[in-house]
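Structural overview
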Amino acid sequence: EDKVVQSPLSLVVHEGDTVTLNCSYEVTNFRSLLWYKQEKKAPTFLFMLTSSGIEKKSGRLSSILDKKELFSILNITATQTGDSAVYLCAVGRGSQGNLIFGKGTKLSVKP
Amino acid sequence: EAQVTQNPRYLITVTGKKLTVTCSQNMNHEYMSWYRQDPGLGLRQIYYSMNVEVTDKGDVPEGYKVSRKEKRNFPLILESPSPNQTSLYFCASSFLRGTEAFFGQGTRLTVV
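These notes cover the structure that comes with them.

What counts, and at which threshold
- Residues numbered from 1 in each chain as written.
- Chains lettered and ligands numbered in written order.
- Predicted model: local features only at pLDDT ≥ 70, side-chain atom pairs only at ≥ 80, totals over all residues.
- Heavy atoms only, no water.
- Contact = heavy atoms within 4.5 Å.
- Buried area = accessible area lost by both parts, 1.4 Å probe.
- Salt bridge = Lys/Arg side-chain N within 4 Å of Asp/Glu carboxyl O.
- Polar contact = N/O pair within 3.5 Å; in protein donor to acceptor, adjacent residues only side chain to side chain.
- Helix = DSSP H or I, 4+ residues; strand = E, 2+ residues; numbered from the N terminus.
- Pairing = 2+ DSSP bridges.
- Buried < 20%, exposed > 50% of the residue type's maximum accessible area, 1.4 Å probe, protein only.

Section: the interface of chain B and chain A
- Contact residues are listed per partner, giving 20 residues for chain B and 19 residues for chain A.
- A buried area of about 1,600 Å², summed over both sides, lies between chain B and chain A, and 51% of it is on carbon and sulfur atoms.
- Counting the surface chain B buries against chain A, the share from its top three residues, B:L43, B:R97 and B:F103, is 28%.
- Connecting chain B to chain A are one salt bridge.
- Between A:R93 and B:D59 there is a salt bridge, and its shortest N-O distance comes to 2.9 Å.
- Where chain B touches chain A, the interface holds four residue pairs in polar contact (both at pLDDT 80 or more).
- Mapped onto the side of chain B that touches chain A, the elements with two or more residues apiece are β4 (31-38) and β5 (42-51) of chain B.
- Among the elements that make up the side of chain B that touches chain A, the one with the highest residue count is β5(B) (five residues).

Have a look at this one:
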């Protein structure tokens, strides 16, 4: 059975800290891995990764994929209170590419 | 502005009363999908559509129907809602299958 596991489930840090969120997966016919940020509304797209070892960056956020070890990490440097959210990892699989989501990591950044 | 629009945002209904949640996107995306989000279970795909008149089941399709008569619209139909369909529902769209880049604002459905 396909699955996506995120860790930790929740995390509390202080502003300025650096955090690493983890996503491991077991799926048939991997196509892509996506990261989203979800505040009290719809998920917003952060990154899509398809190739191993190529880091994607957007400001203080970065992500990398390891297709051999079947995991990805999302790094957030110099965290701010506005980074507080649930971060979701999803994997596209099969010929149709439809997504399976992890349960998310809830990040709380304290001032 | 590029967006996915769902309606209604909130809905309370009674068991067995048919309802439709509408979803519309203005980006000419071919791929659209529906998810439900439940505490402890995360986002789970209900149905998806690769293009007009092409739909397929996701991971939790039981009790739901969809249609894709026009490219921009992808309504979710609950023919006979039950309390276990109480959930937060999201519609999503993208150019490429399995790369949901835009989500609607969500519909919180309560079935009593």
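Some details on the sheet that holds strand β7 (residues 65-66) of chain B
- Taking strand neighbours across the sheet as the criterion, the four strands line up as β1-β3-β8-β7 (chain B) in an open arrangement whose pairing is antiparallel. Looking at which strands have only one partner, the edges of the open sheet turn out to be β1 (4-7) and β7 of chain B.

Quick look at the pairing of strand β5 (residues 43-49) of chain A
All names here are of chain A.
- Sheet topology places strand β4 (residues 30-38) next to β5; six bridges connect them, and they run antiparallel. Each bridged residue has a counterpart across the sheet, and for Y36 the counterpart in β5 is F45.
- Hairpin connection between β4 and β5: a loop of four residues separates the two successive antiparallel strands.

Regarding the side chain of A:N75
- With respect to the secondary-structure elements, A:N75 resides in strand β8 (residues 71-76).
- Discounting residues that sit within four places of it in the chain, A:N75 has contacts with A:V19, A:T20, A:R60, A:L61 and A:S62.

Points about the pattern of salt bridges
- Evaluated as defined, the whole model comprises six salt bridges over all chains.
- Residue B:E79 pairs with B:K65 through a salt bridge whose shortest N-O separation is 3.0 Å. Of this pair, B:E79 sits in the loop between β8 (76-78) and β9 (87-94) while B:K65 is found in strand β7, placing the two residues 14 residues apart along the sequence.
- When salt bridges that share partners are traced, they join A:D2, A:R93 and B:D59 into one network.

What about unusual backbone geometry?
- The omega angle of the peptide bond from A:S7 to A:P8 is -10 degrees, so this bond is cis rather than trans.
- A cis geometry characterises the amide bond from B:N7 onward to B:P8, with omega recorded as -5 degrees.
- On the secondary structure map, B:P8 appears in the loop between β1 and β2 (10-13).
- Here the phi dihedral of A:A78 falls at roughly 45 degrees; this positive angle occurs in a residue that is not glycine.
- Mapped onto the secondary structure, A:A78 falls in the loop between β8 and β9 (85-93).
- Of note in this structure, B:N28 is not a glycine but carries a positive phi near 60 degrees.
- Tracing the chain through its elements places B:N28 in the loop between β3 (19-25) and β4.
- Judged by relative accessible area, B:N28 falls into the exposed class, the value being 52%.

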